[in-house]
Amino acid sequence: MSVKIGSARIDENGKARGGKAGDQTGREVGTQSWYKHPKGWRVFRAKDPSVAAKIAQDMQWACDNSHIGYDQGQRLTLYDVSKPLGFNCRRVEKNCETDCSALVRVCCAYAGISLPNFRTPTEPAALLDSGAFVELKGSKYTDSDKYLKRGDILVTRTQGHTVVVLSNGSKAGDDDDPVKDGLSRGDSGPEVRAMQELLLKWKPDCLPEYGADGDFGRETEDAVKDFQKAKGLPVTGVYDAATEKALMETVCGWVEITGGAVNVRSAPGTDSRDIGTVHRGDKLPYQGVTRQAGGRDWYLVIFETQNGWVSSKYAKLVEA
């Protein structure tokens, strides 16, 4: 049975703009079976399974709500209407409009992931910059629905379309989940390059042949093993959460909490989801990334093996 996906697709006149607010046909925003897009899919998965579940739930509510229609010219009206409702699309009772990328942004906001306004060409960068998602590479994710999971976000490789996966594929088991397993030999992309750059800060000669090339080959695997051995970790060659935490602590320093009880957020800004609380004197591994939100710097940290953000109002950077 094919995986179900949900998205905002087209207005009641078969056009991108100009129709009435709300879903006039029941198909402007709705579900369908997964299909192989001619432009090709890129696949993004939330690191936190609870975030993925909320993204899928809000997309399903949007697909079931006749008040939500499609119109590129009015694409942000759903965002504005749903914001005071906690971005809960089930609670929307005013006719409004969205398009495919604006709807995904609303679903992420409901899950506590605050993202800037984007369209499909800039959506991948927005998802990855949030620190809440990883990109799944390889044809088994991009060309088939078997390994997809509920809450995955699919984006076309060039400007086009984006959808949310609403049901699990036939082989979507935890034993094949790269979010859980971490980075390992054969992986490639910006996450690998970022890891390699950190390894080079730890030991400048650890990648003598290829450097930070974004490919996880034998040289990178050996460097990961050397670091794990040096830090007393299990020597697996897999860049898992424990290895990442230790490497961050070693080369990027810490964020020390200076406030009393301070919320750790899922994204920069006070309107994002609260994922936990830390206290004055606590130190969290700094990931070397700072973002601006609400006129303040926010620091990307590791909090209980997941990404989190802390405001500079209540924290300071401390050298490694």
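Everything that follows concerns the structure shown earlier in this document.
Residues numbered from 1 in each chain as written. Predicted model: local features only at pLDDT ≥ 70, side-chain atom pairs only at ≥ 80, totals over all residues. Heavy atoms only, no water.

Caption draft 1: How the structure looks around the environment of Gly 19. With respect to the helices, strands and loops of the structure, Gly 19 is situated in the loop between β1 (4–8) and β2 (29–33). Along the backbone, Gly 19 and Lys 54 are 35 residues apart, and their C-alpha atoms lie at a distance of 29 Å. Not counting residues up to four positions away in its chain, the partners in contact with Gly 19 are Asp 11, Glu 12, Asn 13, Asp 71 and Glu 97. (Helix = DSSP H or I, 4+ residues; strand = E, 2+ residues; numbered from the N terminus. Contact = heavy atoms within 4.5 Å.)

Caption draft 2: Spatial organisation of the packing of helix α7 (residues 190–202) against helix α8 (residues 218–230). Packing of α7 against α8 leaves a shortest axis separation of 11 Å and a crossing angle of 50°. In terms of orientation, α7 and α8 fall into the oblique class. With respect to the hand of their crossing, α7 and α8 are arranged in left-handed fashion. Two secondary-structure elements touch here, α7 through Met 195, Gln 196, Leu 199 and Trp 202 and α8 through Thr 220, Ala 223, Val 224, Asp 226, Phe 227 and Ala 230. For the contact of α7 with α8, the per-class residue count stands at seven nonpolar, two polar and one charged. (Axes fitted to C-alpha atoms, helices over the stretch in contact; angles between N-to-C directions. Parallel < 35°, antiparallel > 145°, perpendicular 65-115°, else oblique. Left-handed = near helix turned anticlockwise from the far one by under 90°. Nonpolar A, V, L, I, M, F, W, Y, C, P; charged D, E, K, R; others polar.)

Caption draft 3: Fine view of the nonpolar core. The biggest cluster of nonpolar side chains holds 39 residues, and the ones touching the most others in it are Ile 55, Ile 68, Leu 78, Leu 103, Cys 108, Phe 133 and Ile 153. Among the elements of the structure, β3 (41–46), α1 (49–64), β4 (68–70), α2 (77–82), α3 (100–110), α4 (123–129) and β7 (153–156) are those that each provide at least two residues to this core. The element best represented in this core is α1, accounting for eight residues. Filtering out sequence-adjacent residues up to four positions away, Phe 133 remains in contact with Arg 45, Ala 46, Lys 47, Ile 55, Cys 108, Ile 113, Leu 127, Leu 128 and Ile 153. (Core = buried A, V, L, I, M, F, W, Y, C linked by side-chain atoms within 4.5 Å. Buried < 20%, exposed > 50% of the residue type's maximum accessible area, 1.4 Å probe, protein only.)

Caption draft 4: Molecular detail of the side chain of Thr 162. You can see Thr 162 is positioned in strand β8 (residues 162–165). Residue classification places Thr 162 among the buried residues on the basis of a relative accessible area of 0%. A polar contact is formed between the side chain of Thr 162 and the backbone oxygen of Leu 154, at a distance of 2.8 Å. (Polar contact = N/O pair within 3.5 Å; in protein donor to acceptor, adjacent residues only side chain to side chain.)

Caption draft 5: Geometry of the pattern of salt bridges. Under the defined criterion, the tally for this structure stands at seven salt bridges. With its nearest N and O atoms 2.8 Å apart, the salt bridge here joins Glu 135 to Arg 42. Highlighted residues: Glu 135 in strand β6 (residues 133–136) and Arg 42 in strand β3, separated in sequence by 93 residues. Classification of Glu 135 as buried rests on a relative accessible area of 10%. Here Asp 129 and Arg 291 are joined by a salt bridge, their closest N and O atoms 3.9 Å apart. (Salt bridge = Lys/Arg side-chain N within 4 Å of Asp/Glu carboxyl O.)

Caption draft 6: Quick peek at α1. In this model α1 runs 23 Å from its N-terminal to its C-terminal C-alpha over 16 residues, within 8% of the 22 Å that 1.5 Å per residue would give. Regarding α1, the residues found buried are Val 51, Ala 52, Ile 55, Ala 56, Asp 58, Met 59, Gln 60, Trp 61, Ala 62 and Cys 63. (Expected span 1.5 Å × (residues − 1).)

Caption draft 7: Representation of the sheet that holds β2 in the model. The antiparallel open sheet is built from six strands, whose spatial order is β2-β1-β8-β7-β3-β6. With partners counted over all chains shown, the strands left at the sheet margins are β2 and β6, one partner each. Going from strand to strand, the sheet's axes swing by 30° on average, the running direction of each strand aside. (Pairing = 2+ DSSP bridges.)

Caption draft 8: Broad picture of the packing of aromatic side chains. Here the structure, examined in full by the defined rule, presents six aromatic pairs. Consider the rings of Trp 61 and Tyr 110, whose centres lie 5.6 Å apart with planes at 75°: the pair is edge-to-face. With Trp 61 in helix α1 and Tyr 110 in helix α3, the pair connects residues that are 49 residues apart, well separated along the chain. Residue class for Trp 61 comes out buried when judged on its relative accessible area of 14%. For the pair Tyr 79 and Phe 87, a centre-to-centre distance of 4.9 Å together with 50° between the ring planes defines the contact as tilted. Of the two residues, Tyr 79 and Phe 87, both sit in the buried class. Just above the ring of Tyr 79 sits the side chain of Arg 105; from NZ or CZ to the centre is 3.9 Å. Above the plane of the ring of Tyr 147 lies Lys 140, whose end atom (NZ or CZ) is 4.7 Å from the centre. (Phe/Tyr/Trp six-rings, centres within 6.5 Å; stacked < 30°, edge-to-face > 60°. Lys NZ or Arg CZ within 6 Å of the ring centre and 35° of its normal.)

Bear in mind that shape data such as this cannot, by itself, settle questions of function.
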